[in-house]
Each structure stands twice: as C-alpha cells, then as structure tokens.
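Understanding the architecture of this molecule
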Amino acid sequence: MSVVSLAIREGNPVTEDTVRLYAKKITTGMELKNDQDVRDLASVLAAFHDSVQSILEMEDYVPSALRPDFECFPRKNITFPEKKSQENPFNGWACKFTLKDKERTLQTGLLVGKTVVLKDNVCIAGVPCGLGTDAISPPWVPNIDATVVKRILEAGGIIVGKASTESMCQSGSSFTSNTGPVDNPYAPGRTSGGSSSGCAVLVADGSCDMAIGADQGGSIRMPCAFCGLVGIKPMFGLVPYTGISSNEWQHDYAGPMCKSVYDTALLLQAISGADGLDDRAGPHCPLRDQVPKYSELLVLQGTDPEKPLKGKKVGILKEAFSMPALDPRMAEKCSPAHHRANYLDGGQPLHRGRTRLGQDAGHRQYYNNDLHDLTFPLTQERWEKLSPFTINSQLNALYGWERLSRGYGKAMNKAMEIRHAMMPPLKTMTVSYFLLLLLLPIRTRSGRYNYSEIQKSVGQGLNCSPFNSTGHPALSLLIGTLAPAPEDWVTETDAELKLPVAMQLVGKWWDETVLLQLASAWEKAYDWRGR
Ligand SMILES: NC(=O)c1ccccc1
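Residues numbered from 1 in each chain as written. Predicted model: local features only at pLDDT ≥ 70, side-chain atom pairs only at ≥ 80, totals over all residues. Heavy atoms only, no water.

For the protein chain, the helix and strand inventory stands at 14 helices and 11 strands. For the protein chain, with 531 residues in total, the buried portion stands at 53%. Total accessible area on the protein chain is roughly 24600 Å²; 56% of this is exposed by carbon and sulfur atoms. (Helix = DSSP H or I, 4+ residues; strand = E, 2+ residues; numbered from the N terminus. Buried < 20%, exposed > 50% of the residue type's maximum accessible area, 1.4 Å probe, protein only. Areas by Shrake-Rupley, 256 points an atom, 1.4 Å probe, with all protein chains shown as cover.)

Here it is as structure tokens:
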C-alpha cells in the first residue's frame, strides 16, 4: 500500500494542540488519549486548511448572468439625498440614480416606462448597498446585478434608486435605519412598517411606480399594509433571491410592492421564474417561459362576467381574529370585505396611475462573499454600530446553535406540520383569507431606542411570519381606513386621521394567480381612498 504524504505549506497554523482544542469543542470536553492519532489528525487537518486556503486565494467566480452590462445599462448620477430634505421628506431614499436601457431598444417589455426602486439589500453593480447600517464600513459596493435587476431592465423598467431598509432588514418598525426614521406618508410621526420601509414610502408618495421589497417575516406585507399598498410575498422560490442579501435561506423572499393590483401582477410576472442559480426554486418552480401571465389573468375567463368570483370559496382563519393585541375595529373592516368579494362585477383591470448575519451553508446558490468579508470578523467597533435588533438576533443565533441546537430541526418540522395542517382546508377553498395586522401604524420612536422596542415590534408580524416558513404565497391589500385608538393619539386631532387597514390573503402553493384575482375584484369594488 502506498502512502501519499501530504505536503503542508509553510505558515500552516494547524498543530497537535489545534486538534486537541477542537476535539474538546466538538465533544463534551474530550481529551484525546492516543498521541499517534493526534499526530495523524493534525496532518490531515493541516491539509484541509491548505486546501481551503488555496480556494480563498482564488479569484471568486461571477456567473455571466449576473455580470453587469455597463454599456447598455449605465448607472448615472448616483446621489444620496439628505435626511428630511425636500426631495426626501420621509427618509425613503437610500440613494438615487438612473439605470435604464441606454438605447431605448426595449419598447415592448412588460415594464416599459415604469419607474422602480429596490430595497437597499438588492445588488446593483457599482452602487453602494447600504443595508440600513453603518456597521459595514467601507460600504459594500457589489460587482453583480441581482437576477431581479436584470429582469426589470430587460422588461424596460427604469430603476431610479435604492430605498432605505431597516438596519440589516431586521425590524418591522421603521426607526432603525442609519439613513433616518422612515415616516408614514399618510400620517407623519407614525411608523411606515418594516423592513422594506423605504420601498413602501416611495411608492405611496408617488416618487416611483413600483418597488421590490424583501420579506423574511412580513417585511413586504407590513410596510404595504401601513402605507396603503398592494404587496405580495410570493411562493417560496418563485422569485429568485440571487444577488439579494440573505437573512436565512429558508425564509428569504423578494416581491413587488405597488399601488395597484395590476402593477403588482405586472412586476411579479416580470421577475418570476427559476434562474438556474438559486436552489430555492426547487423542482416545481416554473421556468421563465412557464410563468403565468398574471397581468392578463386578473379577470377570470369563462365565468359569469357579472359575478366573476361566484363559486370561489374563501376561508377565514378564526384564530387570526382572536390575537391578543387585535383592534376589534379591524376585524369589522375585514368582514364586509369577505362578504362583498363574492358579489363583485367584471370589467377591465384598474390602472390606478401609478440571520442571521453569516452565510448559509449547504445550498447551491451564488454567495455574496464580498459582503461576508466586510462584515466579519465582528469587531467591537462593528458590534457597537449594529442595531439592537441585529445584536439580539446574533445572540439568539449563537446561543441557539450552541445550547439549543436541536431547536432548529424541531422548528423546521413544526413548520412542516403547520403546512400540512393547512392543506385540507386549502384544498376545498380557492383561497384562504386572514387578517394581516394586529396594529395600526403606531407612533414612531425618535432619537435613541433600546432593547425594549424589540418586544413591541414583534407582535406586528405574528400573522405574517408563519407563511415565510410554510412557503405559501401571501398578499397584503388595503381594505379601508381607521383612526388610531385613543391611547395612541398624540393630539385630539388624531381622531380625524385615516390610517390604512389591510388584510392578508394566503393562497395555495404556486397559486399567486387567484390571490391577484381576488385582490383585483376587491380593489375595484372598494375605493378606500374615497372613504
Ligand atoms: N425581515 C423581516 O421580514 C422582518 C420582519 C419583522 C421583524 C424583523 C424582520
């Protein structure tokens, strides 16, 4: 038998002590007894070190599909609007620029002429990706265009900037971004939701037509609800997450945030379908040419045009109406929504104008290694710039993996249990229908905030985050307005405020179409702005 001796590089740090230390770490403090074993293990571990080291020294691979085409799609006039300035009254902007097809050759795309902003965790090559924090310094400037960016540009969309995001996308309230608290345009001084807060504000105040948000536990749906928009967290894997910073692989989603159901359908159609790079797609995700033409499907064919939703069954999750913090007036808003949706008439679609911090292992996907290099090691200086929300999640993650490690597998199985429990009712229904939010846009914090804010912010997402784990598509839709509850008034005149109230529609796997159809019918019957 020939023995291949392993040539170890000079400077290799692995020693027998390394082996003894790590053996102690993996076990409950084991001492290695056999010295020959220790020597042998040290030499194979040293070889492993060299082999990983040699990979680290290589130039990273960037797939051609993600490389920017600066020639056709130049990024022009990047500016960073001042906080609370005339051009940035609600702090919705992270940065502004113009990115579109230079030659204007695209005349027929789905998004021709539409202006779009992206949450500031979506990569655009050559444009800083701020992630709502100054803990990453120097700022991350990606060298790739995310799949959604490529698709928006190819569909003729005009990307006009990046929208502020809550710090590391880790807050459902809108006061944690380093670019300033993001104010609700319908009620300044109140939250616009999070973490895709800037996206919601810029669409709501008319700065752009459409936005791409990201949602790990409600971060598309909550800001849409608070700012009067339509937003969808699509089926897991439908929209490639390639080139978007991840909180955790199994609950990352990207999706549209728009003023109308029709625009939401258009944008979803433009960005959906497997990209061959992100394994979240799984085996059932449609390829690009099989993506449903959502925008053409809003009006059901072959049904009574007077009652297009006749026969459609909508289920209601009773538990969602008995959540502890629920304002009972919101439930009332919901019930006529359910009733009326069954008797709506036909017609044309409405055009209303316009982690955890580390990286997930074990997945076939494009990894943002450059972001990792800027974030780790987590120095004290970086730690001190992180938001309490991020510090809390870092502590939870490390503590959890070390002390409660089986909790992850257990939680995954329980999520599967919820998914399976939802199947029989969803089978008999067209769509399941849930109340989205427990709270109206509450007064926002100003100045410093502390860990106690985390608890207040958590309850908001209770009806949202389960569907990040089960994978179901979930759409948030405006159904009316309400004044804030008296305990949340600043002055007596707050009784006159009209704050948006939303409901959430949850559909079968891969069935975005029916959610959009139901939302479209509702939107036509209920012009909430007039009430
Ligand atoms: N990224 C999210 O979806 C999120 C939602 C709620 C709270 C924190 C984060």
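Now, onward.
The tally for this structure, following the rule as stated, stands at four aromatic pairs. Each ring, one from Phe-175 and one from Phe-389, has its centre 6.3 Å from the other, and the planes form 65 degrees; the classification is edge-to-face. Take Phe-175: its relative accessible area is 10%, and that puts it in the buried class. Owing to a relative accessible area of 7%, Phe-389 belongs among the buried residues under this scheme. When the ring of Phe-236 is compared with that of Tyr-253, the centres are 5.6 Å apart and the planes differ by 70 degrees; the resulting orientation is edge-to-face. Of this pair, Phe-236 sits in the loop between strand 6 (230-233) and strand 7 (254-258) while Tyr-253 sits in the loop between strand 6 and strand 7, and the two are 17 residues apart along the sequence. Note on accessibility: Phe-236 and Tyr-253 belong to one class, buried. (Phe/Tyr/Trp six-rings, centres within 6.5 Å; stacked < 30°, edge-to-face > 60°.)

A separate point is helix 10 (residues 388-403). With 16 residues, helix 10 extends 22 Å from end C-alpha to end C-alpha; this agrees with the ideal 22 Å at 1.5 Å per step. Of the residues making up helix 10, those classed as buried are Pro-388, Phe-389, Thr-390, Ile-391, Ser-393, Gln-394, Ala-397 and Gly-400. (Expected span 1.5 Å × (residues − 1).)

Another aspect to go through is the pattern of salt bridges. Inspection of every chain in the model, using the stated rule, returns 16 salt bridges. Close ionic contact of Lys-162 with Asp-120 constitutes a salt bridge, the shortest N to O distance being 3.0 Å. Of the two residues, Lys-162 is situated in strand 4 (residues 158-163) and Asp-120 in the loop between strand 3 (115-119) and helix 3 (147-154); the sequence distance between them amounts to 42 residues. Across the pair, Asp-120 and Lys-162 agree in class, each one buried. For Glu-417, the salt bridge is made with Lys-414, and the minimal N-O distance between the two is 2.5 Å. Remark: Lys-414 and Glu-417 occur in helix 11 (residues 406-428); sequence separation between them is three residues, near one turn of the helix. (Salt bridge = Lys/Arg side-chain N within 4 Å of Asp/Glu carboxyl O.)

What follows deals with the site of the ligand. Around the ligand sit Cys-169, Gln-170, Ser-171, Gly-172, Ser-195, Asp-215, Gln-216, Gly-217, Gly-218, Ser-219 and Met-222, and that is every residue in its neighbourhood. Between a nitrogen atom of the ligand and a main-chain N or O atom of Cys-169, the distance comes to 2.9 Å. For the ligand, an oxygen atom lies 2.8 Å from a polar atom in the backbone of Gln-216. In isolation the ligand exposes 260 Å². Once the protein is present, 81% of that is buried. Per-class residue counts for the shell around the ligand are two nonpolar, eight polar and one charged. (Near = heavy atom within 4 Å. Polar contact = N/O pair within 3.5 Å; in protein donor to acceptor, adjacent residues only side chain to side chain. Nonpolar A, V, L, I, M, F, W, Y, C, P; charged D, E, K, R; others polar.)

Further remarks concern the pairing of strand 4. The element strand 4 is largely enclosed, with a buried count of six among its six residues. Relative to strand 4, strand 2 (residues 93-99) is paired through four bridges, and the arrangement is antiparallel. For Leu-99, the partnering residue across the bridge sits in strand 4 and is Ile-159. Where the polypeptide runs from strand 3 across helix 3 and back to strand 4, its parallel neighbour, the crossover connection is right-handed. (Pairing = 2+ DSSP bridges. Right-handed = clockwise from strand over helix to strand, strands pointing away.)

This part takes up the confidence of the model for the protein chain. Across the protein chain, the average pLDDT comes to 87, with 88% of residues at or above 70. The low-confidence segment residues 341-356, where pLDDT is below 50, has 60 contacts with residues more than four positions distant or belonging to other chains. (pLDDT = per-residue confidence, 0-100. Contact = heavy atoms within 4.5 Å.)

As a further point, take the packing of helix 3 against helix 6 (residues 261-271). Contact geometry for helix 3 and helix 6: axes closest at 8 Å, N-to-C directions at 115 degrees. The pairing of helix 3 with helix 6 is recorded here as roughly perpendicular in orientation. Here helix 3 and helix 6 pass one another in a crossing that is right-handed. Residues Val-148, Arg-151 and Ile-152 of helix 3 pack against Leu-267, Ala-270 and Ile-271 of helix 6. Residues of the contact of helix 3 with helix 6, tallied by class, amount to five nonpolar, no polar and one charged. (Axes fitted to C-alpha atoms, helices over the stretch in contact; angles between N-to-C directions. Parallel < 35°, antiparallel > 145°, perpendicular 65-115°, else oblique. Left-handed = near helix turned anticlockwise from the far one by under 90°.)

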